[in-house]
Amino acid sequence: MDKKKNLILWILIVAGVICTLDLTYIFFKVNLNLSAEPSFCSVNSFVDCDGVAKTNYSAFLGIPLALWGLILYSLFTFLMIAPKLDKKFPNKIFALFKNPYSYIASFGLLSFCISICLAILSIFEINKICLMCFVTYFIDLFIALVAKTPKSFFVTDIKNTIKDFLEGVKKYTALFIIVVFAGFSALYYLNTSNILAPNMTRQNPYEEYYKMEKNIYATKGNILGHQDGPIKVYVFSDFLCPHCKIANIMSHKLAKENNKVQIFHINFPLDSSCNKYITNNMHPGACVLASYAIASKKQNKYWDMTSLIYDNSPNSEEALLKLAKENNFDIEKLKKDVNSKEVQEELLTQIDFAIKTNINATPSFMISDIKYEGAMPYDELMLKTEQAYKRYLRDKNE
């Protein structure tokens, strides 16, 4: 095998393994711990590796896409060492891989083609992109380009791969059938159990909310729920937190369906420009959005603004003001109020309240006197409020 080509391929394969290991870590971190801190590649509402990892599109046949990537790079690694194994163990199965470069080129090209489909899905369906995923897409392309037969646009490589594969099936038919049966059995188990893709099971309760382009339960004004509702529900959130949008929709739905609650939105932006309690500037710009939401109270449009922000994900102050103008906010008053001492002090008060309540992540809820960290399905949220009401009645009658 060509030493220079070998070296480049090894560098690319190692880079791919590092990326997919990190993506695997991100996948399990965000899906097994909903209150986990955002990863380094969750930059904003669009460039958000964590947000992509939480969707049902992040796994295929019950296996996270990151693990599929590790399988691919393991295959590349095997193909790279197959010629040496053939020399050490002649006349064994390793002899079937007569054209390892062709295999690598063909699978690299196939992987890149699949990656293009995933990129389109990510941009236009999920409306988020995973930077680390895109890095692996190009690694796969470079691997294919380096490994391919010179002066041939993969045609020779695809032919060689198919020829070698068919010869292998013919020579080791029984082994091939066993491997295929074992593979399909494993995929069937993983796809039905979702043991490696916990988000596939947990995501279902959130599916209808993720698909909502607009908050269909949106309430206007500064009060959400019933002003005299005995159950106080505090929702701690960040306007750039993906799950907080879901929590906002659920909060509005809860207010319409449960006449015992009053809901309070507590801003806890993960943005160091106003939140002195965080060391990493996880969601830059979240403080500005929170300030405009609080300023909207002066126009009796606080909950109007929260849904407006969550529904449209404005990526700048100018974009937010444009949205506000289109929705009949008094823009001049809004711009004046947002920088007022009163609004900024209220934002800091809310952040302090979150810290005193030991809030470590968004979204989080406090229902009466009990704190719940992380997102929860709507049925569970409704159940928690009913349990809080029963405690209220019990304490009232004692």
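Heads up: the structure comes first, above all this text.
A brief structural summary.

Rules of the game
Residues numbered from 1 in each chain as written. Predicted model: local features only at pLDDT ≥ 70, side-chain atom pairs only at ≥ 80, totals over all residues. Heavy atoms only, no water. Helix = DSSP H or I, 4+ residues; strand = E, 2+ residues; numbered from the N terminus. Areas by Shrake-Rupley, 256 points an atom, 1.4 Å probe, with all protein chains shown as cover. Lys, Arg positive; Asp, Glu negative; His and termini not counted. Charge placed at Lys NZ, Arg CZ, Asp CG, Glu CD. Pairing = 2+ DSSP bridges. Contact = heavy atoms within 4.5 Å. Axes fitted to C-alpha atoms, helices over the stretch in contact; angles between N-to-C directions. Disulfide = S-S within 2.5 Å. Buried < 20%, exposed > 50% of the residue type's maximum accessible area, 1.4 Å probe, protein only. Parallel < 35°, antiparallel > 145°, perpendicular 65-115°, else oblique. Left-handed = near helix turned anticlockwise from the far one by under 90°. Nonpolar A, V, L, I, M, F, W, Y, C, P; charged D, E, K, R; others polar. Phe/Tyr/Trp six-rings, centres within 6.5 Å; stacked < 30°, edge-to-face > 60°. Lys NZ or Arg CZ within 6 Å of the ring centre and 35° of its normal. Salt bridge = Lys/Arg side-chain N within 4 Å of Asp/Glu carboxyl O. Right-handed = clockwise from strand over helix to strand, strands pointing away.

## Brief notes about the overall build of the chain
In step 1: Scanning the chain from terminus to terminus reveals 16 helices and 7 strands.
In step 2: Principal-axis analysis of the C-alpha atoms places the extent of the chain at approximately 85 × 50 × 35 Å.
In step 3: Total accessible area on the chain is roughly 20,500 Å²; 62% of this is exposed by carbon and sulfur atoms.
In step 4: Separation between the mean location of the 43 positive side-chain charges and that of the 37 negative ones in the chain comes to 8 Å.

## Remarks on the sheet that holds strand 4 (residues 231-237)
In step 1: If you walk across this open sheet you meet the 5 strands as 3-5-4-6-7, and the pairing is mixed. Edge positions in the sheet fall to strand 3 (224-225) and strand 7 (370-373), since each of these pairs with one other strand and no more.
In step 2: Both strand 3 and strand 5 (residues 261-267) contribute to a ladder of 2 bridges, which runs antiparallel. Following the sheet pairing, Leu224 is matched in strand 5 by Ile263.
In step 3: Across the sheet, helix 12 (residues 302-312) lies against strand 3, strand 4 and strand 5, angled at about 60 degrees from strand 5, the strand it touches most.
In step 4: Contacting strand 4, strand 5, strand 6 (364-367) and strand 7, helix 16 (residues 378-397) crosses the sheet at an angle of about 25 degrees to strand 6.

## What to know about the state of the cysteines
In step 1: On inspection of all chains with the given rule, the structure shows 2 disulfides.
In step 2: One disulfide bridge connects Cys274 with Cys287, the sulfur atoms lying 1.9 Å from each other. Across the disulfide from Cys274 to Cys287, rotation about the S-S bond amounts to roughly -80 degrees, and the bridge is consequently left-handed. Here Cys274, found in the loop between strand 5 and helix 11 (286-295), pairs with Cys287, found in helix 11; they are 13 residues apart in sequence, far enough to count as distant.
In step 3: Residue class for Cys274 comes out buried when judged on its relative accessible area of 15%.
In step 4: A residue is classified by how much of its surface remains accessible, and Cys287, at 5% relative accessible area, is buried.

## So, the packing of helix 11 against helix 13 (residues 317-326)
In step 1: Interaxial distance between helix 11 and helix 13 falls to 11 Å at its minimum, and their mutual angle equals 25 degrees. The orientation of helix 11 relative to helix 13 falls into the category roughly parallel. Of the two elements, helix 11 crosses helix 13, and the hand of that crossing is right-handed. Along its contact with helix 11, which presents Val288, Leu289 and Tyr292, the element helix 13 presents Glu317, Leu320 and Leu321.
In step 2: A per-class count over the contact of helix 11 with helix 13 returns 5 nonpolar, no polar and 1 charged.

## Some details on the packing of aromatic side chains
In step 1: Summed over the entire model, instances satisfying the criterion amount to 14 aromatic pairs.
In step 2: Aromatic side chains Phe27 and Phe28 sit 5.2 Å apart centroid to centroid with 90 degrees between the ring planes, which places their arrangement in the edge-to-face category.
In step 3: Classification of Phe28 as partly exposed rests on a relative accessible area of 23%.
In step 4: What links up through ring pairs into an aromatic cluster is the set Tyr234, Phe236, Phe264 and Phe353.
In step 5: Note that Lys5 overlies the ring of Tyr101, its terminal NZ or CZ placed 4.5 Å from the centroid.
In step 6: In this structure, Lys260 is placed above the aromatic ring of Tyr389, and the distance from its NZ or CZ to the ring centre is 5.1 Å.

## Focus on unusual backbone geometry
In step 1: Note that the residue after Thr362, namely Pro363, is joined by a cis bond; omega there is -5 degrees.
In step 2: Assignment of secondary structure puts Pro363 in the loop between helix 15 (341-356) and strand 6.
In step 3: One non-glycine residue with positive phi stands out, namely Ser313, at about 45 degrees.
In step 4: Relative to the elements of secondary structure, Ser313 occurs in the loop between helix 12 and helix 13.
In step 5: In this structure Ser313 comes out as partly exposed when scored by relative accessible area, which is 39%.

## Focus: the pattern of salt bridges
In step 1: For the structure shown, the criterion picks out 11 salt bridges.
In step 2: Close ionic contact of Lys128 with Asp48 constitutes a salt bridge, the shortest N to O distance being 3.6 Å. You can see Lys128 sitting in the loop between helix 4 (100-126) and helix 5 (131-147) and its partner Asp48 sitting in the loop between helix 1 (3-32) and helix 2 (49-53), a full 80 residues away along the chain.
In step 3: You can call Lys128 buried: its relative accessible area is 15%.
In step 4: Where Asp337 meets Lys333, a salt bridge forms, and the shortest distance between an N and an O atom there is 3.2 Å. Of this pair, Asp337 and Lys333 both sit in helix 14 (residues 331-338), 4 residues apart, which is roughly one turn of the helix.
In step 5: When its relative accessible area of 32% is taken as the criterion, Lys333 is described as partly exposed.

## Looking at the pairing of strand 5
In step 1: Among the 7 residues in strand 5, 6 count as buried, and that is most of the element.
In step 2: In this sheet, strand 5 lies alongside strand 4 in parallel orientation, the contact comprising 7 bridges. Residue pairing across strands places Ser237 opposite Asn267, the latter belonging to strand 5.
In step 3: In this fold, strand 4 hands off to helix 10 (residues 242-257), which returns the chain to strand 5; that crossover is right-handed.

## As for the environment of Asn300
In step 1: Mapped onto the elements, Asn300 comes out in the loop between helix 11 and helix 12.
In step 2: C-alpha separation for the pair Asn300 and Gly221, spaced 79 residues apart in sequence, amounts to 4.9 Å.
In step 3: Not counting the four nearest positions on each side in its chain, Asn300 is found in contact with Gly221 and Asn222.

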